Amino acid sequence: MSTDDPHADIDEKRETTSSPYTIQREGGEDHHAFWADEVADRIEARGPDEPVVIKGGISPSGVPHLGNVNEIMRGYYVAEVLRERGHEVRQVFTADDRDPLRKLPRTLCDLEGNLVGLGAVDAGALGRNLGAPYTDVADPFGCCDSYGDHFSTIIQDSADALDVPIELLSTTELYESGELEPVVRHVLENQDRAREVLANYQEKVDDEYVPFNPICEECGKVTETVTDVDLERETVEYRCTDLEAGDRTISGCGHEGTATFREGKLPWRFEWPGQWQVLGVDFEPFGKDHAEGSWPSGEDVARNVLGIEPPVPMVYEWFTLDGEPFSSSAGNVVLVSEVLEVLESEVLRYFFAKDPSKARDFSIERLDLLVDEFDRFEAIYFGEVEASESEREFAERVYPLVVEEVHEERIRLPYTFAAVLGMTDDPALREEIARREGHLPEGAPEWAIEAALARVERARNWARRTGNEFDYELKRTGLPDHEFDAATEDALDELADFVETGPDAETLQGEIYETAKRHDVPVGEFFAAGYRLFFDETQGPKLGPFLAKVDREFVVDRLRRER
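Cut-offs and rules
- Residues numbered from 1 in each chain as written.
- Predicted model: local features only at pLDDT ≥ 70, side-chain atom pairs only at ≥ 80, totals over all residues.
- Heavy atoms only, no water.
- Helix = DSSP H or I, 4+ residues; strand = E, 2+ residues; numbered from the N terminus.
- Buried < 20%, exposed > 50% of the residue type's maximum accessible area, 1.4 Å probe, protein only.
- Contact = heavy atoms within 4.5 Å.
- Areas by Shrake-Rupley, 256 points an atom, 1.4 Å probe, with all protein chains shown as cover.
- Lys, Arg positive; Asp, Glu negative; His and termini not counted.
- Charge placed at Lys NZ, Arg CZ, Asp CG, Glu CD.
- Pairing = 2+ DSSP bridges.
- Axes fitted to C-alpha atoms, helices over the stretch in contact; angles between N-to-C directions.
- Salt bridge = Lys/Arg side-chain N within 4 Å of Asp/Glu carboxyl O.
- Parallel < 35°, antiparallel > 145°, perpendicular 65-115°, else oblique.
- Nonpolar A, V, L, I, M, F, W, Y, C, P; charged D, E, K, R; others polar.
- Right-handed = clockwise from strand over helix to strand, strands pointing away.
- Phe/Tyr/Trp six-rings, centres within 6.5 Å; stacked < 30°, edge-to-face > 60°.
- Lys NZ or Arg CZ within 6 Å of the ring centre and 35° of its normal.
- pLDDT = per-residue confidence, 0-100.
- Polar contact = N/O pair within 3.5 Å; in protein donor to acceptor, adjacent residues only side chain to side chain.
- Core = buried A, V, L, I, M, F, W, Y, C linked by side-chain atoms within 4.5 Å.

Help me understand the overall build of the chain, please; the structure alone is not making it clear to me.
From N to C terminus, the chain includes 22 helices and 18 strands. Summarising its shape, the C-alpha atoms of the chain cover approximately 100 × 55 × 40 Å along the three principal directions. Considering the chain as a whole, with its 563 residues, one finds that 53% of them fall into the buried category. A fraction of 73% describes how many contacts in the chain between residues 6 or more apart in sequence connect residues 24 or more apart. Carbon and sulfur atoms form 41% of the exposed surface of the chain, whose accessible area is close to 24500 Å². Both charge centroids of the chain, one from 58 positive and one from 123 negative side chains, sit 2 Å from each other.

How do you make sense of helix α22 (residues 552-559) when you look at a structure like this?
Every α-helical turn comprises 3.6 residues, leaving residues that sit three or four positions apart pointing alike. Counting buried positions over the eight residues of α22 gives six, a clear majority of the element. For α22, the complete set of buried residues consists of Phe554, Val555, Val556, Asp557, Arg558 and Leu559. Contact partners of the buried residues in α22: α18 (486-499), α20 (523-535) and α21 (543-549). Directly beyond the C-terminal end of α22, a positive phi value near 60 degrees is found at Arg561.

Help me understand the sheet that holds strand β13 (residues 256-260) in this model?
Neighbouring strands of a sheet are bound in pairs by backbone hydrogen bonds; such pairs are parallel or else antiparallel. Pairing within the open sheet is antiparallel, and its three strands lie in the order β9-β10-β13. What marks the edges here is a single partner per strand, and that holds for β9 (225-230) and β13. Put simply, the sheet's adjacent strands are angled 25 degrees from each other on average, direction ignored. Strand direction decides the pairing type here: β9 and strand β10 (residues 235-239), joined by five bridges, are antiparallel. By the bridge assignment for β10, Asp230 is matched with Thr235.

Please explain the pattern of salt bridges as it appears in this structure.
Should their charged atoms come close, side chains of opposite charge can pair. According to the stated counting rule, one finds 49 salt bridges in the structure shown. Linking Glu234 and Arg185 is a salt bridge whose minimum nitrogen-to-oxygen distance equals 3.5 Å. One end of the pair, Glu234, is in the loop between β9 and β10; the other, Arg185, is in helix α6 (residues 181-189), and 49 residues separate them in sequence. You can call Glu234 partly exposed: its relative accessible area is 23%. Taking the shortest distance from any N to any O, the salt bridge between Arg303 and Glu299 comes out at 3.0 Å. Taken together, the residues Arg303 and Glu299, both in helix α10 (residues 294-306) and four residues apart, mark about one turn of the helix. The structure contains a network of salt bridges with shared partners spanning Glu344, Glu346, Asp375, Glu378, Glu384, Arg410, Arg412 and Arg455.

Even after reading the chapter, I still don't get the packing of helix α2 (residues 69-84) against helix α12 (residues 345-353), so can you show me in this structure?
When two helices pack together, their arrangement is given by the angle between the helix axes and by the axis-to-axis distance. Relative orientation of the contacting elements α2 and α12 amounts to 80 degrees, with a least axis distance of 9 Å. Judged by the angle between their axes, α2 and α12 are roughly perpendicular. Here α2 contributes Val69, Asn70, Met73, Arg74, Tyr76 and Tyr77 to the contact with α12, which in turn contributes Arg349, Tyr350, Phe352 and Ala353. Broken down by class, the residue content of the contact of α2 with α12 amounts to seven nonpolar, one polar and two charged.

Honestly, the pairing of strand β4 (residues 89-95) in this entry has me stumped. Any pointers?
By the criterion of burial, β4 is predominantly enclosed, with six of the seven residues buried. The sheet contact formed by strand β3 (residues 52-58) and β4 spans seven bridges and is parallel. Each residue of the ladder has a partner; that of Val52, found in β4, is Val89. One crossover worth recording links β3 to the parallel β4 by way of α2, and it is right-handed.

Explain the packing of aromatic side chains here, please?
Note on aromatic pairs: each is described by the distance of the centres and the angle between the planes. Taken as a whole, this structure holds 35 aromatic pairs when the rule is applied. Measuring from ring centre to ring centre gives 5.9 Å for Phe377 and Phe394, while their planes differ by 55 degrees; the resulting arrangement is tilted. On the criterion of sequence distance, the pair formed by Phe377 in helix α13 (residues 367-381) and Phe394 in helix α14 (residues 389-402) is long-range, its members being 17 residues apart. Across the pair, exposure class does not vary: Phe377 and Phe394 are buried alike. Grouped by ring-pair contacts, the aromatic residues Phe34, Trp35, Tyr76, Tyr77, Tyr350, Phe374, Phe377, Tyr381, Phe382, Phe394 and Tyr399 constitute a single cluster. Cation over ring: Arg476 sits above Phe554, and NZ or CZ is 4.6 Å from the ring centre.

Got a minute to help me understand the confidence of the model for the chain in this structure?
In low-pLDDT segments, the atomic positions of the prediction should not be examined closely. With 94% of its residues at a pLDDT of at least 70, the chain reaches an overall mean of 91. In this model, residues 1-28 is a region of pLDDT below 50 whose contacts with residues beyond four sequence positions or in other chains number 82 contacts.

Teacher, can you tell me more about the side chain of Glu71 here?
Within the secondary structure, Glu71 is located in helix α2. Of the side chains with opposite charge, Lys55 comes closest to the buried, unpaired Glu71, at an N-O distance of 5.8 Å. A distance of 2.8 Å separates the side chain of Glu71 from the side chain of Tyr316, its partner in a polar contact.

When you look at unusual backbone geometry in this model, what are you seeing that I'm missing?
What you tend to see is this: most non-glycine residues have negative phi, and most peptide bonds are trans. In this structure, the amide linkage connecting Glu50 to the following residue, Pro51, adopts the cis form with an omega of -5 degrees. Mapping Pro51 onto the fold places it in the loop between α1 (35-44) and β3. Residues other than glycine seldom take positive phi values, yet Asp163 does so here, at roughly 60 degrees. Position of Asp163 among the secondary structure elements: in the loop between α4 (147-161) and β7 (167-170). Its relative accessible area of 43% is what places Asp163 among the partly exposed residues.

Looking at this structure, how should I read the nonpolar core?
Across soluble globular proteins, you tend to see nonpolar side chains buried next to one another. With 110 residues, the main nonpolar core has Phe34, Leu66, Tyr77, Leu343, Leu348 and Phe362 as its most contacted residues. Here the element with the most residues in this core is α2; it accounts for nine residues. When near neighbours in sequence (up to four residues on either side) are disregarded, Leu343 contacts Leu348, Phe362, Leu367, Leu370, Val371 and Arg458. Core analysis: the next-biggest nonpolar cluster, separate from the first, contains 38 residues, Cys216, Tyr238, Cys240 and Phe270 among them.

I would appreciate a short explanation of the side chain of Glu181 in the present structure.
Mapping Glu181 onto the fold places it in helix α6. In this structure the side chain of Glu181 is engaged in a polar contact, spanning 3.3 Å, whose partner is the side chain of Arg262. The residues touching Glu181, leaving out its near neighbours within four places in the chain, are Glu234, Phe261 and Arg262.

Quick look at the structure:
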């Protein structure tokens, strides 16, 4: 079961006192370098039938953002480890689309991942369907069979984009096909026991409570008032009463009718373990919010109502987005499709391969740090950099699971250097600069060069999305018109000599100030001169750190006004 309301400490620093990798040694006992191997051990210890079933799930209530992919990717890595060990694995992901629409989302998205507000769709139609199952609510974009199908499609597209072979299952279809019917019958046959278990986790469970929610044939809303159960006919009698939805009430129509066991749904505390039984689930990861209430009740219902063993659980920590909780209503969301416009899929897969018990931040603003971390992880795997034992063991174990195919001849342009190249539109010039700077070795295969240069467009998209120091057009092909006094020209020539020595970013920034002062050039005017030469503008990014990332020969020549 996934969550989209993270509240956790954030580890967003690249350098920390503890390793970001997942090898643990407790009490002197060695553990696996990869957390998914530990989970696979726990699953195998149960002697599962084939295929081993790994499950995740989401209620398609709104924008399926990057945080929702946590559950898909955690399950994927466990599935891959089990496949390596020779098991047949089925990774299913349920769209709990028979859940009722309880409120109007403030933000929606189309199938291309474009976020829109309610004003861009027929909000009135959504409002009239409050309380109805997601699969009975019309798609506000008119492209899919229903509201639920629309957002389920985006979930499937996200998994496909990351090359994760999930089997997306509609809970509505599980009810309508009759697959959940035996579970519904069993729960209703054992209502007393179901009430007794549920009372440990939920208030207002009295002798009149019936664990089944019919769909009203009159107004289409999910209702909670069952007045009679006929096990022989497999039907219930109901009255359409109000539905409590958080701090609001969705009015029922008062209709009294009959519904079959396929024309409604189990309350979620019974539906979740019911899915385990019907699908034969062996393992399910879930967010830490479910660890305190949902999992204990599901485990209890599984054993003491359904008479089955619950699957192997795994709790994962949430992660935040640029330091804030994911929130569709606040607009703090990012979709997988958006992320893959700014970095390679293997970098994102790497992010999810890290220890699920650690709270982390996914920072679009500092995406360069994540890409640099991935590049180091890859270099460790190929033995190209020094690394600790834990880093090396993690890389050797996990890298083949992160990339689609291992290529020793792969080339990675540093991400910020790729962003610099993205400041020009000329593909030939980009390649020329990359070769001149030694990032494209002679004799490298053409496919590796193309793959390396593909990062340029992603880094450029990142610069434009964040409006950072690379979101400018660097005037490479011609010297901009300029007119400087003699003191400024002398200062620029001296700065060029200093750049030739290869200073770091902060040293260069400080030298710009000092050079201006030595030549009695106002500091603001000297920076403006630099912006004129490089951007044909009077302002721009922090100049020293930026110029330190640009190819040195070009910077020196431009400061000297030679090209």
